[in-house]
Amino acid sequence: LPFFMARFALCAALWLGLCHLVLTWTAPGEAAHRLRHQGGAAAALIAHSVAMLFFVTDWMMSLEPGFISTIHPVLVMASQAVSACALAVLVTTWRRPVTREPGGESGSTAGRDIASILFGFLLIWAYLAYMQWLVIWAGDLPHEARWYLHRVEGGWRIVLWLIVAIGFALPFAGFLSVRVKRSRRGIAMLAACVLAGQVLATLWRLRPALAVTPSPELWGEAVALYTAAGLWSLLFGLLLTRPALLCAVQREVRHG
């Protein structure tokens, strides 16, 4: 247990440090300053990947010790990338309409570009999820197949189909439409579907491993989840609606 908690403390410290660096490296109005830190950003991404390897193994895969998948941490990281990109697209389309890129072709728009980026992340996530299932199915190992069997029993089968429909099939069809990608509302709807699908996918990956019968622990779990989500949403909304405050935070972080 001490080593388990020490690994978590190291991961948390690393992520707090990365937040500090990101705010410093992405200060507004200093493009040259950001370019100087491209190498550091790449190193930070590698460090985050290593931390996620330990975190996913300790806090997710250990819920079912018989389940072993070397691709699972990468799948969770792909889910993070999809969720972050979908949220960024929602914020971008909400704050200003998508417009034609300066100097671009007559048919090119910023909306098509950000939609294509999100589509790429979605395809990576779907590919990794499919490959994990395919490898486990081909291996035909009972203790790994049981992980999927737990997630197609009862109401979890419905959640799975919702993930496929809302989180992949509907956005996939929408991303193929040029008309939708040129529409501010269309891009926002696609991003909302992708984000909702990732929330359901996270629930589907983790929750079946825990007790499903009502208990006092479930109430505590719900309170902790909604409290953390509420505090994060409050801070995010505050910074989003008050850009001057965000710039002040960035300047304070940069100058110590």
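Now for a look at the structure at hand. In this text the structure is predicted, and so the values were computed from the model without any measurement. (Residues numbered from 1 in each chain as written. Predicted model: local features only at pLDDT ≥ 70, side-chain atom pairs only at ≥ 80, totals over all residues. Heavy atoms only, no water.)

1. Comments concerning the overall build of the chain
What counts here: Helix and strand definitions follow DSSP, with helices as H or I runs of at least four residues and strands as E runs of at least two, each counted in order from the N terminus. Categorising residues by exposure relies on relative accessible area from a 1.4 Å probe, with only protein chains included: less than 20% of the type maximum marks a residue as buried, more than 50% marks it as exposed, and the intermediate range marks it as partly exposed. We call two residues in contact whenever any of their non-hydrogen atoms come within 4.5 Å of each other. For accessible areas, the Shrake-Rupley method is used with a probe of radius 1.4 Å. Any residue's cover is judged against the shown protein chains and nothing else.
Helix and strand counts for the chain stand at 11 helices and zero strands. Along the chain, from the amino end to the carboxyl end, the secondary structure elements read α-α-α-α-α-α-α-α-α-α-α. Buried positions account for 29% of the 256 residues belonging to the chain. Look at the contacts in the chain between residues 6 or more apart in sequence, and 71% of them connect residues 24 or more apart. For the chain, the exposed surface amounts to about 15700 Å²; the carbon and sulfur share of it is 73%.

2. Quick notes on helix H3 (residues 38-59)
For clarity, the cut-off: By this rule the span expected of a helix is its residue count minus one, scaled by 1.5 Å. In this context, the arc is that of the directions from the helix axis out to the C-beta atoms.
For H3, with 22 residues, the first-to-last C-alpha span of 31 Å sits near the 32 Å given by 1.5 Å per residue. Taken as a whole, H3 has its buried residues at Ala-44, His-48, Ala-51, Met-52, Phe-55, Val-56 and Asp-58. Down the axis of H3, the smallest arc covering the buried residues is 145°, so these residues share one side. Projecting away from the buried face of H3 at angles above 90 degrees are the exposed residues Gly-39 and Ile-46.

3. Some points on empty space enclosed by the protein
Our working definition: With a 1 Å grid spanning the protein atoms alone, the term cavity applies to any set of points in which a 1.4 Å probe fits but cannot get out, the term pocket to an open set with protein on both sides within 12 Å along at least five of seven lines, and the term lining residue to any residue with an atom within 4 Å of a point. Grid points are joined across faces, edges and corners, and a volume is the space filled by probe spheres set on the points.
In total, this model carries one cavity of 30 Å³ or more according to the counting rule given. Volume-wise, the largest cavity comes out at about 60 Å³. In terms of lining residues, the largest cavity is bounded by Met-60, Met-61, Leu-63, Glu-64, Phe-67, His-72, Trp-147, Arg-151, Arg-205, Leu-206 and Ala-209.

4. As for the packing of aromatic side chains
The condition that has to hold: Note on ring pairs: Phe, Tyr and Trp rings are taken, using the six-membered ring of Trp, and paired if centres are within 6.5 Å. Classes follow the plane angle, with under 30 degrees stacked, over 60 edge-to-face and the rest tilted.
Summed over all chains, the structure comprises 15 aromatic pairs. Considering the side-chain rings of Tyr-148 and Trp-204, the 6.4 Å spacing of their centres and the 55° angle between planes classify their relative orientation as tilted. You can see Tyr-148 sitting in helix H6 (residues 142-149) and its partner Trp-204 sitting in helix H9 (residues 184-206), a full 56 residues away along the chain. One exposure class covers both Tyr-148 and Trp-204, and it is buried.

5. A few points about the nonpolar core
Test applied: What is meant by a nonpolar core is a set of buried Ala, Val, Leu, Ile, Met, Phe, Trp, Tyr and Cys residues, joined one to another through side-chain atoms within 4.5 Å.
Counting residues in hydrophobic clusters, the biggest one holds 34 residues, and the most contacted among them are Leu-118, Trp-125, Phe-175, Val-194 and Trp-204. At the level of elements, H3, helix H4 (72-95), helix H5 (110-139), H6, helix H7 (156-175) and H9 are the ones that each hand at least two residues to this core.

6. Section: the pattern of salt bridges
What counts here: Salt bridge, as applied in this entry: a Lys or Arg side-chain nitrogen positioned within 4 Å of an Asp or Glu carboxyl oxygen.
In this structure the tally under the stated criterion is two salt bridges. A salt bridge links Arg-7 to Asp-58; the shortest N-O distance between them is 2.7 Å. Remark: Asp-58 occurs in helix H3 and Arg-7 occurs in helix H1 (residues 2-25); sequence separation between them is 51 residues. In this structure, Arg-7 and Asp-58 share a single accessibility class: buried. With its nearest N and O atoms 2.7 Å apart, the salt bridge here joins Arg-151 to Glu-64. Here Glu-64 lies in the loop between H3 and H4 and Arg-151 lies in the loop between H6 and H7, a separation of 87 residues in the sequence. On the basis of relative accessible area, Glu-64 is assigned to the buried category, the value being 14%.

7. Notes on the packing of H7 against H9
Condition: Only C-alpha atoms enter the line fits that serve as axes; for helices the fit covers just the stretch in contact. Angles between N-to-C directions range over 0 to 180 degrees. Throughout this description, any angle smaller than 35 degrees is read as roughly parallel, any larger than 145 degrees as roughly antiparallel, any in the 65 to 115 degree range as roughly perpendicular, and the remainder as oblique. A clockwise turn of the near helix away from the far one marks a right-handed crossing, whereas an anticlockwise turn of less than a right angle marks a left-handed crossing.
Look at H7 against H9: their axes get within 9 Å of each other, and the N-to-C directions meet at 155°. Of the possible angle classes, the one that applies to H7 and H9 is roughly antiparallel. Taken as a pair, H7 and H9 cross one another with a handedness that is left-handed. Residues Trp-156, Val-159, Leu-160, Leu-162, Ile-163, Ile-166, Gly-167, Leu-170, Pro-171, Gly-174 and Phe-175 of H7 lie in contact with H9, whose contacting residues are Leu-190, Cys-193, Val-194, Ala-196, Gly-197, Leu-200, Ala-201, Leu-203 and Trp-204.

8. A closer look at the layout of surface pockets
The condition is simple: We call Asp, Glu, Lys and Arg charged. Ala, Val, Leu, Ile, Met, Phe, Trp, Tyr, Cys and Pro are nonpolar, and the rest, Gly among them, are polar.
Considering only enclosed or pocket space, the second largest pocket measures out at about 660 Å³ in volume. Lining the second largest pocket are 22 residues, with Ala-129, Trp-133, Tyr-148, Leu-160 and Trp-204 sitting closest to its centre. Ranked by residues supplied to the lining of the second largest pocket, first place goes to H5 with eight residues. Among the residues forming the lining of the second largest pocket, the class breakdown is 19 nonpolar, two polar and one charged.

9. Structural notes on the environment of Leu-160
Following the sequence through the fold, Leu-160 ends up in helix H7. Spatially, the C-alpha atom of Leu-160 lies 7.2 Å from that of Trp-204, the residues being 44 residues apart in sequence. Setting aside its immediate chain neighbours within four residues, Leu-160 contacts Val-152 and Trp-204.

The values are spatial; any link to function lies outside them.
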